[in-house]
Every structure is written in C-alpha cells, then in structure tokens.
Amino acid sequence: MDNDGKVERVMLEVLRRLEDDSAGLTICPTDDHAYLLTEEDLLRDLTIFSDEVFDGEVTREPSAVVVKFRNGQTFRITVAEKL
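Scoring rules and cut-offs
Residues numbered from 1 in each chain as written. Predicted model: local features only at pLDDT ≥ 70, side-chain atom pairs only at ≥ 80, totals over all residues. Heavy atoms only, no water. Pairing = 2+ DSSP bridges. Helix = DSSP H or I, 4+ residues; strand = E, 2+ residues; numbered from the N terminus. Axes fitted to C-alpha atoms, helices over the stretch in contact; angles between N-to-C directions. Contact = heavy atoms within 4.5 Å. Phe/Tyr/Trp six-rings, centres within 6.5 Å; stacked < 30°, edge-to-face > 60°. Buried < 20%, exposed > 50% of the residue type's maximum accessible area, 1.4 Å probe, protein only.

Peer 1: Lay out the sheet that holds strand E5 (residues 74-78) with the relevant residues and their values.
Peer 2: An order of E3-E4-E5 is seen for the three strands of this open sheet, with the pairing classed as antiparallel. Bordering the open sheet on either side are strand E3 (56-61) and E5, each of which pairs with just one other strand. Sheet twist, expressed as the mean angle between neighbouring strand axes with direction ignored, is 20°. Judged from the six bridges that link them, E3 and strand E4 (residues 64-69) form a sheet pairing that is antiparallel. Counterpart to Gly56 in the pairing with E4 is Phe69. Running over the sheet, helix H2 (residues 39-53) touches E3, E4 and E5 and is turned about 170° from E3.

Peer 1: So what about the packing of aromatic side chains? Which residues, and what values?
Peer 2: Scanning all chains against the criterion turns up two aromatic pairs. Relative to Phe69, the ring of Phe54 has its centre 5.5 Å away and its plane inclined at 70°; by these criteria the two rings are edge-to-face. With a gap of 15 residues between them, Phe54 in the loop between H2 and E3 and Phe69 in strand E4 connect regions that are remote in the sequence. Given the relative accessible area of 22%, Phe69 is considered partly exposed. Between the aromatic rings of Phe69 and Phe75, the centroid separation amounts to 6.0 Å while the plane-to-plane angle is 85°, which identifies the pairing as edge-to-face. Members of the aromatic cluster, connected to one another through ring pairs, are Phe54, Phe69 and Phe75.

Peer 1: For the environment of Val7, give the residues involved together with the corresponding values.
Peer 2: Checked against the element boundaries, Val7 lands in helix H1 (residues 3-20). When its relative accessible area of 52% is taken as the criterion, Val7 is described as exposed. In this structure, the C-alpha to C-alpha distance between Val7 and Val53, residues 46 residues apart in sequence, is 8.9 Å.

Peer 1: Give me the pairing of E4: which residues, what numbers.
Peer 2: On any regular strand, side chains alternate: one points to one face of the sheet, the next to the other face. What sits between the antiparallel neighbours E3 and E4 is a turn of two residues, in which Ser63 has the positive phi angle 65°. As judged from the five bridges shared by E4 and E5, these two strands associate in the antiparallel manner. The residue of E5 that forms the bridge with Val67 is Phe75. Hairpin geometry of E4 and E5 is characterised by an intervening segment of four residues between the two adjacent antiparallel strands and by a positive phi of about 100° at Gly72.

Shown next as structure tokens:
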C-alpha cells in the first residue's frame, strides 16, 4: 500500500473510532475564532495514530504515549503545552 493509501486508511480509522466512542472532535472555537486543543485531545489522537501506524504495543501514560516496538526499542512521546 502506498503512503497516500495508508494515511487515508488511518484517517478513516480515527474518524470511525471517534464516532464509535461518541467523543467527537473536541477542538472548540473561541470568541476570537482561534481553536483550543487540550492535552487529552492530542494524546487521544496520538494513541489512535500510533496504534494504527506502528508495528508494536501502544500504551497511554499521563501526558504521554509509549510505543514499544517488536525489536525491543521503546519510545515515550510526551505532550505538554508550551505557554
């Protein structure tokens, strides 16, 4: 499968999961038409993408997504808002 096909498949899976758990997109418009994204929103999306894209085990931690690959490598992707 080419990269475009893989991206489309992952996006469709993300949308399906969001619909299934009734989470919906939680990006909310503010008065000045900017958008706010919470740490939880970003972690949820990273977890879904990681689970679909990477060949390994994906787990959630507070403020992080941990991806443990089959070759023994482990990566911890942390999320913190830069103020």
